[in-house]
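Inside the fold
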Amino acid sequence: MSYASEPSSPGSLRRLTNRNTNRYSVTALFSMAAEHDVEVEDDLARAQKRLRELKSRISAQSKKNFVLERDVRYLDSRIALLIQNRMALDEQNEVERHLEEVDPTEGQYLDDRKLQQYANLFFLLQSEPRHIASLCRLVSLSEIDTLLQTVMFTLYGNQYESREEHLLLTMFQSVLSAQFETATEFGSLLRANTPVSRMMTTYTRRGPGQSYLKSVLAERINSLIEHKDLNLEINPLKVYEQMIDQIEEETGTLPPNLVRGVPPEVASANADVQAIIAPRLTMLMEIANSFLLTIIESMETVPYGIRWICKQIRSLTRRKYPDATDYAICSLIGGFFFLRFINPAIVTPQAYMLVEGVPAKHPRRTLTLIAKMLQNLANKPSYAKEAYMMSLNPFVENNKARINQFLNNLCEVGDFYDTLEMDQYMALSKKDLQINITLNELYNTHSLLLQHIDVLSPNDKQHLRILTDELGPAPAQVPRKENRTIELPLYSRWETPIQDITMALMSENNVTQNDILYMETKSIFVQLIRSLPGAADKRPINLPAIAERAATTKDATLVRKGIKVKEMLRELEELHIVDRKDDYKLMQEEVAAELVHLGNLREKVVLETRSLEAVYKTICDHNSYLRSQLEQYKAYLQNVRLTAAGKDKGSAPVGVITVGGKEKKSAKPTVLGPYRFTHAQLEKEGIIVESNVPENRRPHIYFNITSPTPGTFIIALHYKGRDKAILEMDLKIDDLLEKQKDNKHLLDLEYVQLNVVKVLALLNKVFRSK
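Scoring rules and cut-offs
- Residues numbered from 1 in each chain as written.
- Predicted model: local features only at pLDDT ≥ 70, side-chain atom pairs only at ≥ 80, totals over all residues.
- Heavy atoms only, no water.
- Helix = DSSP H or I, 4+ residues; strand = E, 2+ residues; numbered from the N terminus.
- Buried < 20%, exposed > 50% of the residue type's maximum accessible area, 1.4 Å probe, protein only.
- Areas by Shrake-Rupley, 256 points an atom, 1.4 Å probe, with all protein chains shown as cover.
- Polar contact = N/O pair within 3.5 Å; in protein donor to acceptor, adjacent residues only side chain to side chain.
- Contact = heavy atoms within 4.5 Å.
- Salt bridge = Lys/Arg side-chain N within 4 Å of Asp/Glu carboxyl O.
- Expected span 1.5 Å × (residues − 1).
- Axes fitted to C-alpha atoms, helices over the stretch in contact; angles between N-to-C directions.
- Parallel < 35°, antiparallel > 145°, perpendicular 65-115°, else oblique.
- Left-handed = near helix turned anticlockwise from the far one by under 90°.
- Nonpolar A, V, L, I, M, F, W, Y, C, P; charged D, E, K, R; others polar.
- Pairing = 2+ DSSP bridges.

Bringing the overall build of the protein chain into the picture now. Secondary structure summary: the protein chain contains 28 helices and eleven strands in total. Relative to its full complement of 770 residues, the protein chain shows a buried share of 50%. Surface exposure of the protein chain reaches about 37,600 Å², of which carbon and sulfur atoms provide 51%.

On to the side chain of Asn65. Examined against the element boundaries, Asn65 turns out to sit in helix H2 (residues 43-83). Within the structure, Asn65 has its side chain in polar contact with the side chain of Asn623 (distance 2.9 Å). Among all residues touching Asn65, those that are not within four sequence positions of it are Ile619, His622, Asn623 and Leu626.

This part takes up the pattern of salt bridges. The tally for this structure, following the rule as stated, stands at 19 salt bridges. The partner of Glu548 in a salt bridge is Lys566, and the shortest N-O contact between them spans 2.6 Å. With Glu548 in helix H23 (residues 543-551) and Lys566 in helix H24 (residues 556-574), this pair connects stretches of sequence that are 18 residues apart. Judged by its relative accessible area of 37%, Glu548 is partly exposed. Note on Lys566: relative accessible area 36%, which makes it partly exposed. Members of the salt-bridge network, linked through shared partners, are Asp245, Glu248 and Arg260.

A word on helix H13 (residues 304-320). Compared with an ideal rise of 1.5 Å per residue, which puts 17 residues at 24 Å, H13 spans 24 Å between its outermost C-alpha atoms and is within 8% of the ideal. Across the 17 residues of H13, 13 count as buried, placing the element largely inside the fold.

A few words now on the packing of helix H10 (residues 236-251) against helix H12 (residues 271-297). It is at 10 Å that the axes of H10 and H12 come closest, and there the two elements cross at 115°. Considered as vectors, H10 and H12 are oriented roughly perpendicular to each other. Remark: the crossing between H10 and H12 carries right-handed chirality. On H12, the residues that touch Pro236, Val239, Tyr240, Gln242 and Met243 of H10 are Asp272, Val273, Ile276, Ile277 and Arg280. Its residues assigned to classes, the contact of H10 with H12 comprises seven nonpolar, one polar and two charged.

So, about the environment of Gln149. Locating Gln149 in the fold gives a position in helix H6 (residues 141-155). Using a relative accessible area of 8% as the deciding quantity, one classes Gln149 as buried. For the pair Gln149 and Arg70, spaced 79 residues apart in sequence, the C-alpha separation works out to 9.6 Å. When near neighbours in sequence (up to four residues on either side) are disregarded, Gln149 contacts Lys63, Phe66, Val67, Arg70, Thr154 and Glu441.

Attention now moves to the pairing of strand S11 (residues 752-755). Pairing of strand S6 (residues 688-691) with S11, which is carried by three bridges, proceeds in the antiparallel orientation. Residue pairing for S11: Ser691 is matched across the bridge by Val752. Where strand S10 (residues 746-748) folds back on S11, the antiparallel hairpin that results is connected by three residues, among which Glu750 adopts a positive phi of roughly 70°.

In structure tokens, the structure reads:
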């Protein structure tokens, strides 16, 4: 009898069978059913329930983070205009609307007829991925992010459920095929910023991809960024500038042979610069090698979907460009795996929740150089813009064959078409398909379908056209407050859900009724042994005794199953499929094997749960970080409004109001603070990133923060026992937000360097409610 492995591992599904009459798909189905038996309440069932709930929470939280990241990106661009005082009042209102929370009491509810029509439409879109695949190619770049949110995190939002994952990958295959069909030149494939490339990047941000990045890269990146002062800059121009800065600082003057503003070739030729760079090159190559080795050794943990996309890229390239070399094909695979997946996490680990806060200046530059080296290794390197990177070419040459082998091995995964068919049967039989979707996601998808319906469904007899015609025009987007999430059940307009899965599979797989009887008997015995205390520990398994024990318990369900399985066992004996004389040896062995498989499965479930609990915590922490950024924007908007409230339609300066046409000074603003923080407090919170204050003096240092007017702050550094501050800095919230927008993460207070994002959060926390 064959047993299916976990549905998430399509490459490892087939096992040897010792009953020739049994068809693979049906036996796998029964085994899948045993793995997810909701009627059994043992350790495995409880562990699986916990894992299912955890996966569901990760999927839901991933979507929330994706939406928040989009909001933060949008607000980043709008706040830039506010900073420059170039935003009209109606635009300020639009920004404010982006910060509103959903109010379930606001807005309209869908009526039952509309709900049913959308249920039919989204069932069709989910189960026939070609429609979404075509739509993703037709929409503009400005529309793709919203559509991808719906596709990746709603329509196929259960990121750990094999059916939805496989349907999503089927859609990817269609999109990639079309991209290769229309490609005009090999070099531009998958590299331009297109809806397809955005789709591939968004896919890597789902739960499994994030889990992989954390498990593989987090430890290595964290050990690197601990060395805050390790400077591995190899750009000769920058090294030269840093060198003469240091000489001038130490001696107070520069020798005549060292001048500022030299061209790159002069900096490169300087013997001292060469001497500084040489050991750095060696160290960079050692670090890059350690990253590469970690990635190569992690191949078995790369998410199946990522590997399957790599496989499609290789397959499509071979078909479209039969003369392409293995080197050229691997550069395309590497373009996806490294450029879209690995490298963004190395360059900005804080955005991928791999590290706490923003790395210091030197490690940040080192990580960028490592990512460039890996990219050059995966792609054909071009040193036209950065000639100094050519000195790292030995790393590329020494590892080229190794990386090509790794990229080819990535592609060696099985397909999922057999299991997808079974998953579809299972889903239809359960009749509980549903998605959680916002009204605006519904209406936006509806609107995009109508815009492109003539291409998507040219024939008015096609299912998609019938459903969109019945729905009529797409409703307008609702205000953010009214954009509630609804539970949308999915069911087909044209197919009756399968009532009896086994009968449906029998008709397609030449399986006899005797085979079904045998498998169902075995399945019930497995259920009973899992449900009866101590039954799983006794060997050999006494099947008649198990059936009798179940039939005589006080549990009505077990009694019913016990009586039923006794009758089924008798029937199998009459058919000469099993024999009482050998204690039903065939059935006994297969039940024992299934229990062993389920026992191993429990260990895997427990391990996976532990791993995913860490992922869930990280995702929740990232959610808190994103929310704190939105809170900063809220505070900033309030400050803008407060400051603008004292103006007379822009004619009078800040702080001046007009009364009867004459200027009059406004009331003196209330000074807030000072609020006191110790050096240790700010260091613990991660606000102080680097400190030049000697260790023994830090306990005597404290900071006073005051807000003399809305949006303006003074940070004063004090030494205990002295009345006057050692240093004061005037800050405007505009300047901090501008630094954040320009990715300038550090605020230099001479003695200490502060984390800009965390300073904003602190100011927001301290002064928002004052």
